[in-house]
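Structural description and commentary
Each chain, letter by letter, is given below.
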Amino acid sequence: MTEHLMETYARLPVAFVRGEGAWLWDEQGRRYLDALAGIGVCALGHAHPRVTEALCRQAATLVHTSNLYRIPLQEELAARLCRLTGMERAFFCNSGAEANEAAIKLARRLGNTRGVEQPAVVVAQGAFHGRTLATLTATGNRRVQAGFEPLVPGFVRVPYNDLEALEAVARNRQDVVAVLLEPVQGEGGVVVPDEDYLPGVRALCDRQGWLLMLDEVQTGMGRTGSWLACQRQGVLPDVVTLAKALGNGFPIGACLARGAAAEVLGPGSHASTFGGNPLACAAALAVLEVMEAEALAEHAARLGGRLLAGLQEALLGRPGVLAVRGCGLMLGIELDRPCGELVMRALERGVLLNVTAERVLRLLPPLILTEEEAARLQEAVRELVEEALAAGEGRA
Ligand SMILES: *Cc1c(COP(=O)(O)O)cnc(C)c1O
């Protein structure tokens, strides 16, 4: 009965009642291998005992007090996230879009304090930053924006993975204060830029006095094989946003910053009633503890590397397969045709995965995935893609 829900999602005809690790069970007791993890959220898998325990203990102690008071768990979480990311200060909120809103507001405020009239933020084609008005404007996908005009002013669009385009912006505009990018585009189709792109953007930002703001909402928290995806290229941004896996399903987002960017939001300039409450912070601290203790970023790098190589061996070179790419456990298989129906076919086989940018089959399994589960997933994906391509030929 979905008639009382706004139809913002075309939901699949299944409801899950229980989860454990990389597996979910539906109302009929059927088991599914979850290679989407709640869209990159449940990195520790479902019902992780350490997270469950932290949530239960904190819920029985203190859920919420508001940011009018000190919240020791929030201070501890901020310190740990700053240590892991090289940032200096954190602002906590409840989602990825909110974390990016904070980043955009921070950039504008810094621009305004520096006397830049109408400060602008550079964003990329194919980007996804969320669904609030500012973040859907920053998103580089017309389908996300259509019907919500007027959009928010103050954004400049460039092609992704194109340093020359950014340099042209630097030559032609005086109003830019920041660049906001995903280190690997997620919703845009698992687009991995060239190795020298992010370092090039960093150098340009340094030269121009622009903030480099990285949206690591999907790529962060070990997903791509390091804490932050940008750490693989040795790039230190000025601002980083996190959300998705930060609470393993408990809603929490963070906007982290260093240097001048860390000082720009003072009392009264930004706020969140729920942001960083004791329950959310207890969940996130448990997530960090498990990820560090079990070296899950390293595991994601190793297992993801093998899975990528296996999928490339199985699928690359087949007519219809344009690319098999990704890093860590963020993988995409780009076909030459729309393949949305693969999601339902996979569901019927007991595998949860996703298609993004119409033609890219996307895998975001939990980082606790085992070798055997990865092998099973690889085999299922190979069969699904083969079937889809064969069916396409039949129709043609
Ligand atoms: C999911 C996502 C967001 C939006 O996060 P919400 O929690 O849905 O607001 C923003 N940026 C990126 C890169 C994402 O993948």
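Cut-offs and rules
- Residues numbered from 1 in each chain as written.
- Predicted model: local features only at pLDDT ≥ 70, side-chain atom pairs only at ≥ 80, totals over all residues.
- Heavy atoms only, no water.
- Helix = DSSP H or I, 4+ residues; strand = E, 2+ residues; numbered from the N terminus.
- Buried < 20%, exposed > 50% of the residue type's maximum accessible area, 1.4 Å probe, protein only.
- Contact = heavy atoms within 4.5 Å.
- Areas by Shrake-Rupley, 256 points an atom, 1.4 Å probe, with all protein chains shown as cover.
- Lys, Arg positive; Asp, Glu negative; His and termini not counted.
- Charge placed at Lys NZ, Arg CZ, Asp CG, Glu CD.
- Phe/Tyr/Trp six-rings, centres within 6.5 Å; stacked < 30°, edge-to-face > 60°.
- Lys NZ or Arg CZ within 6 Å of the ring centre and 35° of its normal.
- Salt bridge = Lys/Arg side-chain N within 4 Å of Asp/Glu carboxyl O.

**Points about the overall build of the protein chain**
Summing up its helical and strand segments, the protein chain has 13 helices and 15 strands in all. For the protein chain, the spread of C-alpha atoms along the principal axes amounts to about 60 × 55 × 45 Å. Going through the 396 residues of the protein chain one by one, you find that 54% of them count as buried. When contacts within the protein chain are restricted to residue pairs at least 6 apart in sequence, long-range pairs at least 24 apart make up 71% of them. Carbon together with sulfur atoms contributes 53% to the accessible area of the protein chain, which is approximately 17,500 Å² in total. Across the protein chain, 38 positive and 46 negative side-chain charges occur, with their mean positions spaced 2 Å apart.

**What about the packing of aromatic side chains?**
Scanning the entire structure with this criterion turns up two aromatic pairs. Each ring, one from Tyr160 and one from Tyr197, has its centre 5.5 Å from the other, and the planes form 70°; the classification is edge-to-face. Remark: Tyr197 occurs in helix H8 (residues 197-208) and Tyr160 occurs in the loop between strand E6 (155-158) and helix H7 (163-172); sequence separation between them is 37 residues. If you follow Arg31 out to its NZ or CZ, it ends over the ring of Trp23, 3.6 Å from the centre.

**Description of the pattern of salt bridges**
Pairing between side chains of opposite charge can happen when their charged atoms approach one another. Throughout the structure, instances matching the rule amount to 25 salt bridges. For Asp206, the salt bridge is made with Arg202, and the minimal N-O distance between the two is 2.9 Å. Of this pair, Asp206 and Arg202 both sit in helix H8, separated by four residues, roughly a single helical turn. A relative accessible area of 51% means that Asp206 is categorised as exposed. The closest approach of N and O atoms between Asp238 and Arg202, which form a salt bridge, is 3.0 Å. Placement of the pair is Asp238 in the loop between strand E8 (211-215) and strand E9 (239-242) and Arg202 in helix H8, with a sequence separation of 36 residues. Assigned by exposure class, Asp238 and Arg202 land together as buried. The network of salt bridges with shared partners includes Arg50, Glu53, Arg57 and Glu289.

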